[in-house]
Amino acid sequence: GLIKELIKDKDTFELDEKQKQVLLTELGSERIEEALERGGHFAADTTGLYDAANISLVHHSNQALRANTLYQRDKDYIIKDGEIVLIDEFTGRMMTGRRLSEGLHQA
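What counts, and where the lines are drawn
- Residues numbered from 1 in each chain as written.
- Predicted model: local features only at pLDDT ≥ 70, side-chain atom pairs only at ≥ 80, totals over all residues.
- Heavy atoms only, no water.
- Helix = DSSP H or I, 4+ residues; strand = E, 2+ residues; numbered from the N terminus.
- Buried < 20%, exposed > 50% of the residue type's maximum accessible area, 1.4 Å probe, protein only.
- Contact = heavy atoms within 4.5 Å.
- Expected span 1.5 Å × (residues − 1).
- Arc of directions from axis to C-beta.
- Salt bridge = Lys/Arg side-chain N within 4 Å of Asp/Glu carboxyl O.
- Pairing = 2+ DSSP bridges.
- Core = buried A, V, L, I, M, F, W, Y, C linked by side-chain atoms within 4.5 Å.

> Tell me about the overall build of the protein chain, residues and numbers included.
Of the regular secondary structure elements, the protein chain holds three helices and five strands. If you list the helices and strands of the protein chain from N to C, you get α-β-β-α-α-β-β-β. Looking at the protein chain as a whole, 33% of its 107 residues qualify as buried. Relative to all contacts within the protein chain whose residues are 6 or more apart in sequence, the contacts with residues 24 or more apart total 36%.

Right, dumping it as structure tokens:
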């Protein structure tokens, strides 16, 4: 829910569809940091999102951002029997058993 809310404001991220990259802007980083802090998600005795102890939050946030901006349901993937099935961008065929890397599949 946090990322879906964040991406409603196009000023919070920069998208490069050709390179399949998306980055938080300074505004986006500030908003996600505030929300995670309010939710009590930071490790104890840390000062912010980019503190070393919170590195997994940075990774999960970035992956959720990528999943919600670069991939579209029923175009890049489908849900079949409760499972995510990727669609080959060139053939349009289902790629059963294929997964995205670095936790992006779970995002």
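> Please give an account of helix α2 (residues 26-38) that cites residues and values.
Here α2 spans 18 Å end to end across 13 residues, near enough to the 18 Å set by a 1.5 Å rise per residue. Among the residues of α2, those classed as buried are Gly28, Ser29, Ile32, Ala35 and Leu36. Taken end-on, α2 shows its buried residues confined to a sector of 135°, consistent with a single buried face. Structural note: α2 exposes Glu26, Glu37 and Arg38 on the side pointing more than 90 degrees away from its buried face.

> An account of the environment of Lys10 is needed here, citing residue identities and associated values.
Mapped onto the elements of the fold, Lys10 is located in the loop between α1 (2-6) and β1 (13-16). Taking C-alpha positions, Lys10 is 9.3 Å from Gly28, a pair spaced 18 residues apart along the chain.

> Lay out the pattern of salt bridges with the relevant residues and their values.
Side chains carrying opposite charge are able to pair once their charged atoms draw close together. This structure, assessed with the given rule, holds three salt bridges. Of the charged contacts, one joins Lys8 and Glu5 as a salt bridge, the two residues approaching to 3.3 Å between their closest N and O atoms. With respect to burial, Lys8 and Glu5 carry one shared label: exposed. With a shortest N-O distance of 3.7 Å, Asp76 and Lys75 are connected by a salt bridge. Among the residues examined, Lys75 registers a relative accessible area of 54% and is labelled exposed.

> Describe the environment of Ile78, and please don't skip the residues or the numbers.
When you line up the elements, Ile78 lands in strand β3 (residues 77-80). When the C-alpha atoms of Ile78 and Leu36 are compared, they prove to be 29 Å apart, with 42 residues separating the residues in sequence. Discounting chain neighbours no more than four positions away, the residues touching Ile78 are Glu83, Ile84, Val85, Ile87 and Met94.

> Describe in detail the pairing of β3, supporting the description with residues and values.
The pairing of β3 with strand β4 (residues 83-87) spans four bridges and is antiparallel. Bridging across to β4, Lys80 finds its partner in Glu83.

> Kindly report on the nonpolar core, identifying the contributing residues and their values.
Counting residues in each nonpolar core, the largest one holds 18 residues, and the members touching the most others are Ile3, Ile32, Leu49 and Leu65. Sorting the residues of this core by element identifies α1, β2 (21-24), α2 and α3 (55-70) as the ones contributing at least two each. Top contributing element to this core by residue count: α3, with six residues. In this view, Ile3 contacts Ile32, Ser61, Ala64, Leu65 and Asn68; residues no more than four positions away in its chain are not counted.

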